[in-house]
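# Observations on chain architecture
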There are 2 protein chains.
Amino acid sequence: MRTVFHQQLDDLKAGMAGLCDLTGAAMAGATDALLQPNLQAAEEIIDRYGDITGECARLETDAFTILARQAPVAGDLRAVVSALKDVADIQRMAALATHIARIARRRHPHLAVPADGVSYFAEMGRIAVHVSEDTKHVVLLGDPEQAARLRADDEAMDDLHRHVFTTVMDPAWTHGTAAAVDVTLLSRYYERFADHAVEVANRVIYQTTGVRST
Amino acid sequence: MRTVFHQQLDDLKAGMAGLCDLTGAAMAGATDALLQPNLQAAEEIIDRYGDITGECARLETDAFTILARQAPVAGDLRAVVSALKDVADIQRMAALATHIARIARRRHPHLAVPADGVSYFAEMGRIAVHVSEDTKHVVLLGDPEQAARLRADDEAMDDLHRHVFTTVMDPAWTHGTAAAVDVTLLSRYYERFADHAVEVANRVIYQTTGVRST
């Protein structure tokens with residue numbers, strides 16, 4: 001039998017899944033804006049961040065209302081508290097996508113990324129969107145295998161981040177300091193985006209299985 | 001009359017105040033390690049991060065136990081949920097201090113910061129430690145004036161961050177790409193450190209006064 005509590009928790013998860021969709025779309029748009037480059041796309045991503053924070057505030061209120069009205073205990077309480085933390089992580093992912101759009105806007109009509117680095121950032125963007133989709137499915141289904149795939153994507157992202165960092169630090173870097181700074185920050189934003197997704201996945205899996213990932 | 005709930009909440013706040021002390025000490029140590037430079041100090045800060053995450057986990061468990069046993073509602077519930085978020089912000093501050101220590105370690109025995117930038121980072125470090133102390137007092141006392149001072153410190157930090165960023169981006173920068181990357185990341189870590197403190201302060205003040213800071 002579905003209790004009122006479980007119905008409300010399912011609604012909260014559905015809202016978080018929608019938030020993952022918004023965040024994934026923001027990251028896809030930010031990467032397009034960065035690599036085409038496209039000023040209008042960048043502006044749209046920056047403008048839409050307010051909608052995402054509004055949605056986060058709504059989900060936090062919903063979680064708070066469940067705590068206040070249902071006074072869940074044990075695993076049920078843990079599920080709601082975890083959801084509150086997940087929303088904060090997903091909001092931060094959206095903020096990082098917005099930071100990428102801001103760098104694209106700042107450099108327009110020039111590319112913020114040197115031409116020979118475009119393929120790396122395209123790959124980071126692709127992984128980040130994939131990670132958003134996996135986060136959504138982990139939130140909805142609590143599947144440990146999907147969470148493991150998400151962590152594998154995070155490792156691929158870390159490898160790309162290290163590669164970009166090594167390239168920028170190499171004395172053979174010829175694109176100047178400003179490009180180095182942009183590339184460093186961009187790479188960090190993509191890497192942190194995946195880190196937050198892993199936080200969500202680890203929390204959901206701990207919630208579902210009692211096993212803490214390291 | 002003090003209820004069991006309020007005693008437990010006070011204990012939680014005292015624990016968070018201790019966490020602010022640990023975080024401020026980590027930031028002071030990381031800045032020393034960076035600017036002297038001092039490898040042993042850097043190693044100590046990196047090693048001690050595990051103690052801080054352990055303390056955060058303990059405080060989260062305490063908050064969770066209060067929710068489970070006392071089932072607080074309205075303002076009391078909000079206080080405990082806010083404390084959970086505050087702990088996450090303060091843990092992130094400690095992580096950022098650790099990132100600074102890692103850069104100091106990576107560059108040792110060289111300075112990661114060019115000699116003419118040392119005074120800026122010394123000032124950022126001073127503000128960050130001050131911000132940790134203010135965060136502690138805001139958590140303990142919920143004083144809106146102290147929160148306002150903390151926000152003023154955050155603005156001073158933002159000004160320094162912008163100045164450093166402009167300096168690095170200037171074609172007159174002569175310290176090379178690797179130093180530019182280090183300085184960019186360091187400056188961002190200090191800036192984010194203060195941002196998280198402002199998040200805590202805004203949450204505490206909203207909790208205390210019902211007025212949301214922007």
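In this text, all values refer to a predicted model and were calculated from it rather than measured experimentally.

### Concerning the environment of valine 131 of chain A
Residues and elements named next belong to chain A. Within the fold, valine 131 resides in helix H4 (residues 118-141). Overall, valine 131 belongs to the buried group, its relative accessible area being 0%. The spatial distance from the C-alpha of valine 131 to the C-alpha of leucine 186 is 17 Å, given a sequence separation of 55 residues. In this view, valine 131 contacts Met93, Leu150, Asp153, Phe193, Ala194 and Ala197; residues no more than four positions away in its chain are not counted.

### Digging into the nonpolar core
Leu34, Phe121 and Tyr190 of chain A together with Leu34, Phe121 and Tyr190 of chain B are the most contacted members of the largest nonpolar core, which has 147 residues in total. Look past the residues within four positions of tyrosine 190 of chain A in its chain and what remains in contact with it is Met27, Thr31, Leu34, Ile100, Phe121, Met124, Gly125, Ala128 and Met157 of chain A.

### Focus on the interface of chain B and chain A
Chain B puts 30 residues into the contact, and the matching count from chain A is 30 residues. For the pairing of chain B and chain A, the buried interface totals around 2,500 Å² over both sides, and the portion due to carbon and sulfur atoms is 70%. On the chain B side of the contact with chain A, Phe64, Met169 and Arg188 of chain B bury the most area, a combined 23% of that side's loss. Taken together, the connections running from chain B to chain A amount to two salt bridges. For glutamate 60 of chain B, the salt bridge is made with lysine 85 of chain A, and the minimal N-O distance between the two is 2.8 Å.

### Describing the packing of aromatic side chains
Considering all chains together, one arrives at two aromatic pairs over all chains under this definition. Measuring from centroid to centroid gives 5.9 Å for phenylalanine 121 of chain B and tyrosine 190 of chain B, while their planes differ by 55°, and the two rings are tilted. Linking phenylalanine 121 of chain B in helix H4 (residues 118-141) with tyrosine 190 of chain B in helix H6 (residues 176-209), this pair joins segments that are 69 residues apart in sequence. In terms of burial, phenylalanine 121 of chain B and tyrosine 190 of chain B fall into one category: buried. Directly above the aromatic system of phenylalanine 64 of chain B lies the positively charged group of arginine 78 of chain A, at a separation of 4.1 Å from the ring centroid.

### A short note on the packing of helix H6 (residues 176-209) of chain A against H6 of chain B
Two numbers describe how H6 of chain A lies on H6 of chain B: the axes approach to 9 Å, and their chain directions differ by 45°. Relative to H6 of chain B, the element H6 of chain A is oriented oblique. Between H6 of chain A and H6 of chain B lies a crossing whose hand is right-handed. Contacts between H6 of chain A and H6 of chain B involve Thr177, Ala180, Val181, Thr184, Leu185, Arg188 and Tyr189 of chain A from the former and Thr177, Ala180, Val181, Thr184, Leu185, Arg188 and Tyr189 of chain B from the latter.

### Some thoughts on the UniProt feature "domain: PhoU" (unreviewed entry) in chain A
Residues and elements named next belong to chain A. The UniProt entry lists residues 19-103 and 122-204 under the feature "domain: PhoU" (unreviewed entry), expressed in the numbering used here. Secondary structure content for residues 19-103 is 93% helix and 0% strand, while the C-alpha to C-alpha distance between its ends is 23 Å. With 90% helix and 0% strand, residues 122-204 has its two end C-alpha atoms placed 28 Å apart.

### A closer look at empty space enclosed by the protein
Taken as a whole, this structure holds one cavity of 30 Å³ or more when the rule is applied. Taken as a whole, the largest cavity encloses approximately 50 Å³ of empty space. Around the largest cavity, the lining residues are Leu67, Ala71, Pro72 and Leu77 of chain A together with Leu67, Ala71, Pro72 and Leu77 of chain B. A breakdown of the residues in the lining of the largest cavity according to their chemical character gives eight nonpolar, no polar and no charged.

### Thoughts on unusual backbone geometry
Here the bond from glutamine 36 of chain A into proline 37 of chain A is cis, since omega is -15°, no more than 30 degrees from zero. With respect to the element layout, proline 37 of chain A can be found in the loop between helix H1 (4-35) and helix H2 (39-70). Residue proline 109 of chain A is reached from histidine 108 of chain A by a cis peptide bond, and omega for that bond is 5°. Relative to the helices and strands, proline 109 of chain A resides in the loop between helix H3 (74-107) and H4. Positive phi is not limited to glycine here, since alanine 71 of chain B has a value of about 40°. Looking at the element boundaries, alanine 71 of chain B is found in the loop between helix H2 (39-70) and helix H3 (74-107). Phi angles above zero are rare outside glycine, and alanine 74 of chain B is one such case at about 50°. Position of alanine 74 of chain B among the secondary structure elements: in helix H3.

Reading the values: rules and limits
Residue numbers restart at each chain and count upward from 1, following the sequence in its written direction. Following the order in which they are written, the chains are lettered starting with A and the ligands numbered starting with 1. Since the coordinates come from a predicted model, pLDDT governs what is reported: local features require at least 70, and pairs of side-chain atoms require 80 or more to be given and counted, while whole-chain, interface and lining totals use all residues. The side-chain numbers reported here are obtained from all heavy atoms of the structure, hydrogens and water having been left aside. Strands are runs of DSSP state E lasting at least 2 residues, helices are runs of H or I lasting at least 4, and numbering of each runs from the N terminus. Each residue is placed in one exposure class: buried if its accessible area under a 1.4 Å probe, protein chains only, is under 20% of its type's maximum, exposed if it is over 50%, and partly exposed if it falls in between. Two residues form a contact once any of their heavy atoms are found within 4.5 Å. Among buried residues, the Ala, Val, Leu, Ile, Met, Phe, Trp, Tyr and Cys ones that are joined through side-chain atoms within 4.5 Å form a nonpolar core. As a working definition, buried area equals the accessible area (1.4 Å probe) given up by two parts on being put together, with both sides summed. Any carboxyl oxygen of Asp or Glu within 4 Å of a side-chain nitrogen of Lys or Arg constitutes a salt bridge here. Within 6.5 Å between ring centres, the rings of Phe, Tyr and Trp (the latter by its six-membered ring) count as paired, and their orientation is classed by plane angle as stacked under 30 degrees, edge-to-face over 60, tilted in between. Working rule: Lys NZ or Arg CZ, within 6 Å of ring centre, within 35 degrees of ring normal, means a charge sits over the ring. Note on geometry: axes are C-alpha line fits, over the in-contact stretch for helices, and angles between N-to-C directions span 0 to 180 degrees. Our angle categories are set so that under 35 degrees counts as roughly parallel, over 145 as roughly antiparallel, 65 to 115 as roughly perpendicular, and the remainder as oblique. Crossing handedness follows the turn of the near helix against the far one: under a right angle anticlockwise gives a left-handed crossing, and clockwise gives a right-handed one. UniProt positions are given in the numbering used here, feature names are shortened, and annotations may be inferred rather than shown by experiment. A cavity here means a set of points on a 1 Å grid, drawn over the protein atoms and nothing else, where a 1.4 Å probe fits but cannot get out; a pocket is an open set with protein on both sides within 12 Å along at least five of seven lines, and a residue lines either one if it has an atom within 4 Å of a point. Grid points are joined across faces, edges and corners, and a volume is the space filled by probe spheres set on the points. Polar here means any residue outside two lists: the nonpolar Ala, Val, Leu, Ile, Met, Phe, Trp, Tyr, Cys and Pro, and the charged Asp, Glu, Lys and Arg; Gly therefore counts as polar.

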